[in-house]
Amino acid sequence: MSITLRVNEKDQTLDVDPEMPLLWAIRDVIGLTGTKYGCGQALCGACVIHIDGEAVRSCVTPVRRAVGHAVTTIEGLSADGNHPLQRAWVELAVPQCGFCQSGQIMSAVALLKEKSNPTDEDIDTAMSGNICRCGTYPRIRQAIHRASEMMKEGGNSTGK
């Protein structure tokens, strides 16, 4: 079945089952591999993407749910890696192995969209569904605070 999705501001026509998990359409069909497969059960957060700006677990979201909506992956967050969260992640050397980081960043983007000046408690609550096997949680929290500062300083929430 032919399905058209709007992914990172580009239309993609795919010949896939509408029940296919969006993660596989993004990774295997479109070829955007920044979004990771972790658990396949929406428990770890490695597969977080945005649909119309809302953070969703792409491993359990059927392709049909994204039809007619804007899908954003880590690759679409910023063309040049200049989003405040991406810059803060690099500045503070957040990743260790890096596997979970795209999901972490996409969840953090959703948090900062909702709360531009989050407390530690806000961050811990919002990020609790994202697992980091390396335990970089203190650096993740620090980077979210830093990105919040960058957004206030530059007045630019997207980095585009």
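Right, let's walk through the structure included here. (Residues numbered from 1 in each chain as written. Predicted model: local features only at pLDDT ≥ 70, side-chain atom pairs only at ≥ 80, totals over all residues. Heavy atoms only, no water.)

In the sheet, strand β1 (residues 2-7) pairs with strand β2 (residues 10-15) via 6 bridges, with the strands oriented antiparallel. In the sheet register, I3 faces β2, and the bridge partner there is L14. Following β1, the chain reverses through 2 residues before pairing antiparallel with β2; N8 in that reversal takes a positive phi of roughly 50°. (Pairing = 2+ DSSP bridges. Helix = DSSP H or I, 4+ residues; strand = E, 2+ residues; numbered from the N terminus.)

All right, on to the packing of aromatic side chains then. A full pass over the atoms with the stated rule returns 1 aromatic pair. Ring centres 5.2 Å apart and planes at 35° place the aromatic pair W24 and Y37 in the tilted group. Residue W24 is found in helix α1 (residues 22-30), and its partner Y37 is found in the loop between α1 and β3 (48-51); the two are separated by 13 residues along the sequence. (Phe/Tyr/Trp six-rings, centres within 6.5 Å; stacked < 30°, edge-to-face > 60°.)

Of the two faces of β1, only the one carrying I3, L5 and V7 is buried; S2, T4 and R6 on the other face are not. Of the strand pairs in this sheet, β1 and strand β5 (residues 70-72) are connected by 2 bridges, and their pairing is parallel. In the sheet register, R6 faces β5, and the bridge partner there is A70. (Buried < 20%, exposed > 50% of the residue type's maximum accessible area, 1.4 Å probe, protein only.)

What follows concerns the side chain of Q104. Following the sequence through the fold, Q104 ends up in helix α4 (residues 101-114). We classify Q104 as buried; its relative accessible area is 1%. Excluding anything up to four places from it in sequence, Q104 contacts W89, M127, N130, I131, C132 and I140. (Contact = heavy atoms within 4.5 Å.)

A word on the environment of P138. You can see P138 is positioned in helix α6 (residues 137-154). In this structure, the C-alpha to C-alpha distance between P138 and V71, residues 67 residues apart in sequence, is 29 Å.

Counted by the stated rule, this structure contains 9 salt bridges. Among the ionic pairs, R6 bridges to D11, the shortest N-O distance being 3.4 Å. With a relative accessible area of 36%, R6 lands in the partly exposed category. Taking the relative accessible area as the measure of exposure, D11 reaches 53% and is therefore exposed. Between R141 and D124 there is a salt bridge, and its shortest N-O distance comes to 3.0 Å. Of the two residues, R141 sits in helix α6 while D124 sits in helix α5 (residues 120-127), which places them 17 residues apart along the sequence. (Salt bridge = Lys/Arg side-chain N within 4 Å of Asp/Glu carboxyl O.)

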